[in-house]
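# Structure assessment
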Amino acid sequence: MAFEGLAERLQSTMKKITGKGKVSEQDVKEMTREVRLALLEADVNFKVVKDLIKRIKERAVGQEVMESLTPGQQVIKVVKEELSDLMGGEQSKIAVADRPPTVIMMAGLQGAGKTTTSGKLANHLRKKHNRSPLLVAADVYRPAAIDQLETVGQQLDVPVFSKGTDANPVDIARDALEQAKEEHHDYVIIDTAGRLHVDGDLMAELEQIKAVVDPDEIFLVVDAMTGQDAVNVAESFNEQLELSGVVLTKLDGDTRGGAALSIKAVTGKPIKFAGMGEKLDQLEPFRPESMASRILG
Ligand code: GDP
């Protein structure tokens, strides 16, 4: 399970403090030292940890007294709030264009889960929001990607726009948008090409697609299992494309949690959805608060 090690360590740290009728500065110091080590071990970005610990220390020492909680519980509340804020605090919503269709561009490295997530998102929009999405197969370099998206479309009964592997991705995106308008789709989800690494050709192509379709959302799909690499990838995509959000996949795996806890702080962009399995209904809106509660127990 994701966050298992981190959750275990933080919960045992919190257990020491929870019943305390009085929390001394020394107690806070020991607690934050353990929290710091646990976060670093969970592969959370070093600077993110440093800033977080500073805030927890300031708040935990000088906090107001609430009658319903013991001082120990109040300290834990501070840690929980700070962890939640770190991941973005509020749950963020998906954009709605003033004039439909709303265009969502999906980007990410190969294997991150982009094609699967495109399908999951279409399914989410249709089932949860009663929308009529059009999926667009713009990954022409990996022939299997188009077949994969078409299979996903069939499973979900969502139409897939494709022009095969000979067409130019920018033309595909432009034509798909036209068709979506004609057929009154209210969402267009464009599955773009991935690469093994971030490279100039990939970014140039994504920038061209962006210029042509003027997306309402640009989601970067990253694999939670890759830890700090996911954060670095998010940083470079964000610099080039100005993302609107991140989808963190494979949170059902035994990731240590570093990506989930660092991405918002490092890139400034929220995690909007979490992939929780391979099935097409295993996508969940990312909720920082419940994630923090899950970690702290
Ligand atoms: P793409 O190359 O980025 O388009 O990646 P794919 O969509 O083909 O996904 C790569 C692999 O990751 C596939 O085997 C997917 O089933 C798997 N995958 C995608 N999302 C998740 C997830 O949230 N959890 C798990 N366990 N597997 C996932």
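Here goes a summary of the coordinates provided.

Rules and cut-offs
- Residues numbered from 1 in each chain as written.
- Predicted model: local features only at pLDDT ≥ 70, side-chain atom pairs only at ≥ 80, totals over all residues.
- Heavy atoms only, no water.
- Helix = DSSP H or I, 4+ residues; strand = E, 2+ residues; numbered from the N terminus.
- Buried < 20%, exposed > 50% of the residue type's maximum accessible area, 1.4 Å probe, protein only.
- Polar contact = N/O pair within 3.5 Å; in protein donor to acceptor, adjacent residues only side chain to side chain.
- Contact = heavy atoms within 4.5 Å.
- Pairing = 2+ DSSP bridges.
- Axes fitted to C-alpha atoms, helices over the stretch in contact; angles between N-to-C directions.
- Near = heavy atom within 4 Å.
- Nonpolar A, V, L, I, M, F, W, Y, C, P; charged D, E, K, R; others polar.
- Core = buried A, V, L, I, M, F, W, Y, C linked by side-chain atoms within 4.5 Å.
- Expected span 1.5 Å × (residues − 1).
- Arc of directions from axis to C-beta.

## What about the side chain of Thr 249?
Within the secondary structure, Thr 249 is located in strand β6 (residues 245-249). On the basis of relative accessibility, which here comes to 4%, the residue Thr 249 falls in the buried class. Separated by 2.7 Å, the side chain of Thr 249 and the backbone oxygen of Ala 112 make a polar contact. In contact with Thr 249, not counting residues within four places along its chain, are Ala 112, Gly 113, Thr 117, Val 221, Val 222, Asp 223, Ala 224 and Gly 275.

## Section: the sheet that holds strand β1 (residues 102-108)
Pairing in this open sheet of eight strands is mixed, and the strands run β3-β2-β4-β1-β5-β6-β7-β8 from one edge to the other. The two strands at the open ends of the sheet, each matched to only one other strand, are β3 (160-161) and β8 (283-285). Relative to strand β5 (residues 217-223), β1 runs parallel, the two being bridged by five bridges. Among the inter-strand pairings, Gly 108 is bridged to a residue of β5, identified as Val 221. Lying on the sheet, helix α5 (residues 114-129) is in contact with β1, β2 (133-138), β4 (187-192), β5, β6, β7 (271-275) and β8; it crosses β4 at an angle near 170°. Where helix α8 (residues 200-213) meets the sheet, its contacts fall on β1, β2, β4 and β5, and the angle it forms with β1 comes to roughly 175°.

## Digging into the site of the ligand
Taken together, 18 residues form the shell around the ligand, and within it Gly 111, Lys 114, Thr 116, Asp 252 and Glu 278 come nearest. At a separation of 2.9 Å, an oxygen atom of the ligand approaches a polar side-chain atom of Gln 148. Separating a nitrogen atom of the ligand from a side-chain N or O atom of Asp 252 is a distance of 2.8 Å. With four residues, the top contributor of residues to the shell around the ligand is α5. When its residues are assigned to classes, the shell around the ligand shows three nonpolar, nine polar and six charged.

## Comments concerning the nonpolar core
Core analysis: the biggest nonpolar cluster contains 75 residues, and Leu 83, Phe 237, Leu 251 and Leu 261 have the highest contact counts within it. The residues touching Phe 237, leaving out its near neighbours within four places in the chain, are Ala 107, Gly 108, Leu 109, Val 198, Leu 202, Met 203, Leu 206, Leu 220, Glu 242 and Leu 243. Listed in part, the 22 residues of the second largest apolar core include Ile 94, Leu 156, Val 221 and Val 247.

## Here we look at the side chain of Arg 195
With respect to the helices and strands, the residue Arg 195 is situated in the loop between β4 and α8. Classification of Arg 195 as buried rests on a relative accessible area of 18%.

## Some details on helix α2 (residues 25-41)
In a regular helix each residue adds 1.5 Å, so 17 residues correspond to 24 Å; α2 covers 24 Å between its end C-alpha atoms and thus fits that length. Taken together, the buried positions of α2 are occupied by Asp 27, Val 28, Met 31, Thr 32, Glu 34, Val 35, Ala 38 and Leu 39. Down the axis of α2, the buried side of the element spans an arc of 165°, and every buried residue falls inside it. The exposed set on the far side of α2, more than 90 degrees from its buried face, consists of Glu 25 and Lys 29. Elements that come into contact with the buried residues of α2 comprise α1 (4-18), α3 (46-61), α4 (71-86) and α10 (258-267). Two residues or fewer past α2, Asp 43 is found with a positive phi of approximately 70°.

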